[in-house]
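# Structural overview for review
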Amino acid sequence: MTPDVIFDQLIGAGRVSKLTFSWGGNPGVGSLHRFRDAVENAWPRAIEIEEHSHAGMAARYSAGASGLPFGTLRGYRGTDLLQFAENVRLIDCPFTGQKLAAVRAINPDVSIVHAQRADREGNVQIWGIIGIQKEAILSAKVAIATVEEIVDRLEPVPGAVVLPAWVMSAVACVPNGAHPSFAMGYSHRDNDFYRDWDRISSDRAAFEQWIERHVIGTPDHSAFLDSISMTASGGRSGI
Amino acid sequence: MTPDVIFDQLIGAGRVSKLTFSWGGNPGVGSLHRFRDAVENAWPRAIEIEEHSHAGMAARYSAGASGLPFGTLRGYRGTDLLQFAENVRLIDCPFTGQKLAAVRAINPDVSIVHAQRADREGNVQIWGIIGIQKEAILSAKVAIATVEEIVDRLEPVPGAVVLPAWVMSAVACVPNGAHPSFAMGYSHRDNDFYRDWDRISSDRAAFEQWIERHVIGTPDHSAFLDSISMTASGGRSGI
Amino acid sequence: MASDGKPTADDVMIVNAARALGDLARVGRATCFVGIGLPSTAANLARKLYDPAPVLIYESGCIGSKPTRLPLSIGDGELGDTADAVVSVPEIFTYWLQAGRIDVGFLGGAQLDRLGNINSTVIGSYHAPKTRLPGAGGAPEIAAAAGRVVVVMRQTRRAFVERCDFRTSVGFGDGPGDRETLGLTGGGTGLVITDLGILEPDPGTCELVMTCLHPGVSREQCLDNTGWALRFADDLGCTMQATDEELEMLHRVRSGVAS
Amino acid sequence: MASDGKPTADDVMIVNAARALGDLARVGRATCFVGIGLPSTAANLARKLYDPAPVLIYESGCIGSKPTRLPLSIGDGELGDTADAVVSVPEIFTYWLQAGRIDVGFLGGAQLDRLGNINSTVIGSYHAPKTRLPGAGGAPEIAAAAGRVVVVMRQTRRAFVERCDFRTSVGFGDGPGDRETLGLTGGGTGLVITDLGILEPDPGTCELVMTCLHPGVSREQCLDNTGWALRFADDLGCTMQATDEELEMLHRVRSGVAS
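As the structure is a prediction and not an experimental result, all values here were calculated from the model. (Residues numbered from 1 in each chain as written. Chains lettered and ligands numbered in written order. Predicted model: local features only at pLDDT ≥ 70, side-chain atom pairs only at ≥ 80, totals over all residues. Heavy atoms only, no water.)

Turning next to the overall build of chain A. Of regular secondary structure, chain A possesses eight helices and twelve strands. At 19 Å, chain A has a C-alpha radius of gyration in line with the 18 Å of a compact globule built from 239 residues. Considering only intrachain contacts with a sequence separation of at least 6, the fraction spanning at least 24 residues in chain A is 69%. (Helix = DSSP H or I, 4+ residues; strand = E, 2+ residues; numbered from the N terminus. Rg over C-alpha atoms; globule rule 2.2 N^0.38 Å. Contact = heavy atoms within 4.5 Å.)

Rendered as structure tokens:
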């Protein structure tokens, strides 16, 4: 739905051939410059895009999680999205005759979400703003969670969602794995990073230097965090 | 979905002209005798029935809560339900051509649910097994909650759903208002009542005596509970 | 158990249903959609007897319930308190059952026909029924979507019929290929456990045939208690006698001390 | 505020947007679907200034958020922590927005046309854009379903266009009757608040006409900064100067001390 700076990095590194999305910006900051450069100038390569509204994408994931081939919503009608979006058709309500939008279900090959914790059996617990993470997992063919912590027992938390171990393909402990986003109760949103990204990503050379040093040049997430002077809890270290 | 002993009372008292449902039994006990007597023998009057599966009813309430005219599910196909149920049509998936069931949205004139508590503004909090209570409220034209307790502030509870005051039409404090069912953390399921109901309801005269004395003959819920020697917390008093 | 210490017909059904679930759990995670009554007893017995244990899912939205006493209703608080997750009713039917996440669905009914279809709606005609039953509940979609449906029912001539008075839940419809035509994603009626033995569908015709008898049950008893011209498997087997361990655990599950 | 203590153009827009929300809250509960940026600032300002206060709803699923500092993203933890309820993203769009429970939707965009349609997708052609914008997000369904859409945008000739390069969100489509034909359940673009004044749709033609100017703004400025032949209401009004109380509270909302 909302590819943000991580997707911008993938796009800038030329690792994306197609992006399906509903909002491609740097939240609270502005543009995703690598995304724009790819769409506007085909740099470093052309990418195919398929775009929807949030409501449409949400309906697609829900349909995918439900084992239905499509979802239905009041949407798209009268917009130019309808003209360019694949996987949207207008259908008639069999009772009222109203025209509604049908959107094709999404069943990703792989979904990866970041959660607060898992127990040793692999049951995953997420709380706070849940977003579409449950549907992302339940619609996927392979479902992976990274978690802040692995615990003996998941204590109930208000507003928490638990995904049973048997719907997960793999669970890995990756502290601050949502960086630069946050995991409620564990890490903070790295607002500086989002702002800095605007500067780094607006210049091709600066981007290439950055991705080389911090992503390609680091063996794992923890080394990546070190390289940007970020602690696992989301605080700025050293500098 | 699951009319149980309360609906049996309404049916036996002749106050029901039509019942839309998916399972009409006395949970863990057996038949709803007043329901059966109405359907099999039109006593005290004939009732119209419209029946679905649970999944179909759930899809109907969800569609109603979503402002959609219909819901879609894999269901009904091959069953005789399709032959008798109004408000079910087979539709074709516009992407895959698969046949699916479309069910007409339900938007009840009035929905009443029982919840644990509300705050003084009228925000309603329900926890435990939530069932379809959220959809019942959000699909209704008039939405009423009875609650065990009214509190100054709703403390977060794991697994709780909060319905904001502005979606509720009215909230009333009715301790043990779910009787003979229960409100988790407040009252217990009155298993004896469900068992006794089998005996009371299987005889027309016994039923009429019972409803006269305990329902028509009592001014409110608290007096009703007294009349069956039930305390507000769900324990048996006196006898 | 009956007063003579021998297992009752229900005990034998329940023990065999639990075994079937245990077998399925051994070959992968057996997520089991459970109704109240015999299925719930059998599923909880299996949960106590076998490791890996089946995952119990109740249509009220409880996933991974581990009740310490048998619930009286699918809304029993115990099912939520002991669950890994509790979800709404719309969600349990969409994200979990319809999505194909249920390996085993336990069903019962008033009538079962030769092709594994089930009636839990009416005996007699729909508009002037002889007996009005509670109705569909979750059964049609369990029958449609569960990887394998296990039916637990007492075998009688009135219940085991050539054709159901009302088809509430589809087994194999009118015969081979029907499930595919109807777009039913699950496997259909895979096992019928009765007080006399076990029936399974013939892979060619989908007709339910007797594949096992319980100890001491004769073919004649089966024929007398079946409303169609019942066939027996060539390699007709015999179920294992309920063991003391099974019966003891069943007793503990029933009396709520098996936690 | 600008360094001279005078309100900036953004301040004036935000104060007027907050007032509009306050007015709506006075005539019933104003449930307001809020995006990040100017709309969120205006909605939070209204929440502090008015009683009854509007109910803030964020597309991340937060209902009734009462943030003590302005969020930087719709996923800001503060929005969930201070909410009456947090629901999933599919639910916020179905049970809440699509169901017609949102009274006011705040929207912005890169282009707004004469008939209140909004572009937040591309400037130029879709397949070879001059500027690729972030895209639709929640806007199309807010524009479709909210009881009233309030657009907050700086008025320039490039932004206020005869026809959007891309129609991301429908205001009045191609004219009167279009919303009904398209089955759009909400009221459409009811108010456009700019740095120059306020535009409202003509009830007959749906064309946006200037109904109010901010203090000190001339008709010429408006004409110069609008890409279509802008009309002015016969009873063209003037918005009230931002008060010290409003500007002080806006400052506190921005600096996160307004809790």
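Still to come is the rest of the account.
Turning next to the sheet that holds strand S7 (residues 118-119) of chain D. Residue and element names in this part refer to chain D. On the basis of which strands lie adjacent, the open sheet formed by three strands has the order S7-S6-S11 and mixed pairing. Looking at strand neighbours, the two that pair on one side only are S7 and strand S11 (160-161), the edges of this open sheet. In this sheet, S11 lies alongside strand S6 (residues 111-113) in parallel orientation, the contact comprising two bridges. Bridge assignment links Leu 112 to a residue of S11, and that residue is Phe 160. (Pairing = 2+ DSSP bridges.)

What follows deals with a nonpolar patch on the surface. Together, A:Ile6, A:Phe7 and A:Leu10 make up an exposed nonpolar region whose accessible area comes to about 230 Å². Following the sequence through the fold, A:Leu10 ends up in helix H1 (residues 5-12). (Patch = residues over 30% accessible without salt bridge, like charges linked within 9 Å, V, L, I, M, F, W, Y side chains within 5 Å. Areas by Shrake-Rupley, 256 points an atom, 1.4 Å probe, with all protein chains shown as cover. Salt bridge = Lys/Arg side-chain N within 4 Å of Asp/Glu carboxyl O.)

Moving on, we come to helix H1 (residues 9-26) of chain C. Residues and elements named next belong to chain C. The terminal C-alpha atoms of H1, which comprises 18 residues, lie 26 Å apart, in line with the 26 Å expected from a rise of 1.5 Å per residue. A large share of H1 lies buried, amounting to 14 of its 18 residues. The first or second residue beyond H1 is Gly 28, which carries a positive phi of 140°. (Expected span 1.5 Å × (residues − 1). Buried < 20%, exposed > 50% of the residue type's maximum accessible area, 1.4 Å probe, protein only.)

A few words on the interface of chain A and chain D. Put simply, an interface is often sized by how much accessible area is lost when its parts join up. With 39 residues of chain A at the interface, the matching set in chain D holds 43 residues. At the boundary of chain A with chain D, total buried surface from both sides reaches about 3,300 Å², with 62% on carbon and sulfur atoms. Counting across the interface, chain A meets chain D through one salt bridge. Ionic pairing is found between D:Arg132 and A:Glu51, a salt bridge with its closest N-O pair at 2.6 Å. On inspection of chain A and its partner chain D, the count reaches 15 residue pairs in polar contact (both at pLDDT 80 or more). Going through the elements one at a time, helix H2 (33-41), strand S4 (48-51), helix H3 (54-66) and helix H4 (81-84) of chain A are the ones with two or more residues in the side of chain A that touches chain D. Its residues assigned to classes, the side of chain A that touches chain D shows 17 nonpolar, 14 polar and eight charged. (Buried area = accessible area lost by both parts, 1.4 Å probe. Polar contact = N/O pair within 3.5 Å; in protein donor to acceptor, adjacent residues only side chain to side chain. Nonpolar A, V, L, I, M, F, W, Y, C, P; charged D, E, K, R; others polar.)

Scored by pLDDT, chain C has a mean of 94; 97% of the residues are at 70 or more. Across the predicted assembly, pTM comes out at 0.96 and ipTM at 0.96. (pLDDT = per-residue confidence, 0-100.)

What follows is about the relation of the copies chain B and chain A. Once chain B is rotated about the relating axis by 180° and shifted along it by 0.0 Å, it coincides with chain A to within an RMSD of 0.0 Å. Put plainly, the chains are arranged around a two-fold axis. Considering only C-alpha atoms, the part of chain B nearest the rotation axis is B:Pro158, at 1.8 Å. Both copies present the same face, since 100% of the interface residues in chain B are matched by interface residues at the equivalent positions in chain A. (Least-squares fit on C-alpha atoms with pLDDT ≥ 70 in both.)

Residue and element names in this part refer to chain D. Structurally, Glu 78 can be placed in helix H3 (residues 77-81). Buried and unpaired, Glu 78 has Arg 69 as its nearest opposite-charge partner, separated by 4.3 Å. Apart from the residues lying within four places of it in its own chain, the contact partners of Glu 78 are Pro 67, Thr 68 and Arg 69. (Lys, Arg positive; Asp, Glu negative; His and termini not counted.)

For the rest of this paragraph, the subject is the packing of aromatic side chains. Taken as a whole and assessed by the stated rule, the structure comprises 26 aromatic pairs over all chains. On the numbers, 5.0 Å between centres and 75° between planes, the contact of B:Trp197 with B:Trp210 is edge-to-face. You can see B:Trp197 sitting in helix H6 (residues 191-201) and its partner B:Trp210 sitting in helix H7 (residues 204-216), a full 13 residues away along the chain. Residue classification places B:Trp197 among the buried residues on the basis of a relative accessible area of 0%. Taking relative accessible area as the criterion, B:Trp210 reaches 8% and is therefore assigned buried. In this structure an aromatic cluster arises from ring pairing among A:Phe193, A:Trp197, A:Phe207, A:Trp210 and A:Phe224. Cation over ring: A:Arg34 sits above A:Phe207, and NZ or CZ is 5.7 Å from the ring centre. The residue whose ring lies beneath B:Arg189 is B:Tyr194, and the NZ or CZ to ring-centre distance is 3.9 Å. (Phe/Tyr/Trp six-rings, centres within 6.5 Å; stacked < 30°, edge-to-face > 60°. Lys NZ or Arg CZ within 6 Å of the ring centre and 35° of its normal.)

Residues and elements named next belong to chain A. In spatial order, the strands read S5-S7-S6; together these three strands make up an open sheet with antiparallel pairing. Pairing within the sheet leaves two strands with one partner each, and these edge strands are strand S5 (70-73) and strand S6 (88-92). The average angle at which neighbouring strand axes cross in this sheet is 35°, direction not considered. Bridging between S6 and strand S7 (residues 99-104) involves five bridges; their strand directions are antiparallel. Counted as the bridge partner of Val 88 is Val 103 from S7. (Axes fitted to C-alpha atoms, helices over the stretch in contact; angles between N-to-C directions.)

In this section: the environment of A:Pro158. Assignment of secondary structure puts A:Pro158 in the loop between strand S10 (142-151) and strand S11 (161-163). Judged by its relative accessible area of 36%, A:Pro158 falls in the partly exposed class. Sequence-wise, A:Pro158 and A:Trp127 are 31 residues apart; in three dimensions their C-alpha atoms are separated by 7.6 Å. Those residues within four positions of A:Pro158 in sequence are excluded, and the remaining contacts are A:Trp127, B:Pro156, B:Val157 and B:Pro158.

A few words on the pairing of S5(A). Residue and element names in this part refer to chain A. Every second residue of S5 is oriented toward a common face, with Phe 70 and Thr 72 on one face and Gly 71 and Leu 73 on the other, all of them buried. Of the strand pairs in this sheet, S5 and S7 are connected by four bridges, and their pairing is antiparallel. Counterpart to Phe 70 in the pairing with S7 is Arg 104.

Below, the discussion takes up the pairing of strand S15 (residues 232-238) of chain D. Residues and elements named next belong to chain D. Looking at chain direction, strand S14 (residues 208-213) and S15 are connected through three bridges and run parallel. Opposite Leu 213, over in S15, you have Cys 238 as the bridge partner. Chirality of the crossover, the property in question, places the unit of S14, helix H7 (residues 219-224) and S15 among those that are right-handed. (Right-handed = clockwise from strand over helix to strand, strands pointing away.)

Evaluated as defined, the whole model comprises 52 salt bridges over all chains. One salt bridge connects C:Asp84 with C:Lys66, and the closest N-O pair in it is separated by 3.0 Å. Here C:Asp84 is found in the loop between helix H3 (77-81) and strand S4 (85-86), whereas its partner C:Lys66 is found in the loop between strand S3 (62-63) and H3, with 18 residues between them in sequence. Here C:Asp84 falls in the partly exposed class, since its relative accessible area comes to 30%. Residue class for C:Lys66 comes out partly exposed when judged on its relative accessible area of 36%. Salt bridges here are not isolated pairs; linked through shared partners, they connect A:Lys18, A:Glu48, A:Glu50, A:Arg60 and A:Glu86.

Attention shifts here to empty space enclosed by the protein. This model, assessed by the stated rule, comprises six cavities of 30 Å³ or more. What lines the largest cavity is a set of 22 residues, and nearest its centre among them are B:Arg74, B:Gly75, C:Ala144, C:Gly183 and C:Leu184. In terms of residue count, the dominant contributor to the lining of the largest cavity is helix H5 (residues 139-145) of chain C (five residues). Per-class residue counts for the lining of the largest cavity are 13 nonpolar, five polar and four charged. (1 Å grid on protein atoms, 1.4 Å probe; cavity = no way out; pocket = protein on both sides within 12 Å on 5 of 7 lines; lining within 4 Å. Points joined across faces, edges and corners; volume = space filled by probe spheres on them.)

With that out of the way, let us pick up the interface of chain B and chain A. Contact residues are listed per partner, giving 24 residues for chain B and 24 residues for chain A. For the pairing of chain B and chain A, the buried interface totals around 1,900 Å² over both sides, and the portion due to carbon and sulfur atoms is 77%. On the chain B side of the contact with chain A, B:Pro69, B:Phe70 and B:Phe95 bury the most area, a combined 34% of that side's loss. For the interface between chain B and chain A, the tally reads two residue pairs in polar contact (both at pLDDT 80 or more). Every element with two or more residues in the side of chain B that touches chain A is listed here: strand S5 (70-73), strand S6 (88-92) and strand S7 (99-104) of chain B.

This paragraph deals with unusual backbone geometry. A cis amide bond links A:His179 with the next residue in sequence, A:Pro180, at an omega value of 5°. Considering the arrangement of structural elements, one finds A:Pro180 in the loop between strand S12 (170-173) and helix H6 (191-201). Backbone geometry at B:Asn87 places phi at a positive 65°, although glycine is not the residue there. Residue class for B:Asn87 comes out buried when judged on its relative accessible area of 13%. Even without a glycine there, the phi angle at B:Asn176 is positive, about 55°. By the element assignment, B:Asn176 lies in the loop between strand S12 (170-173) and H6.

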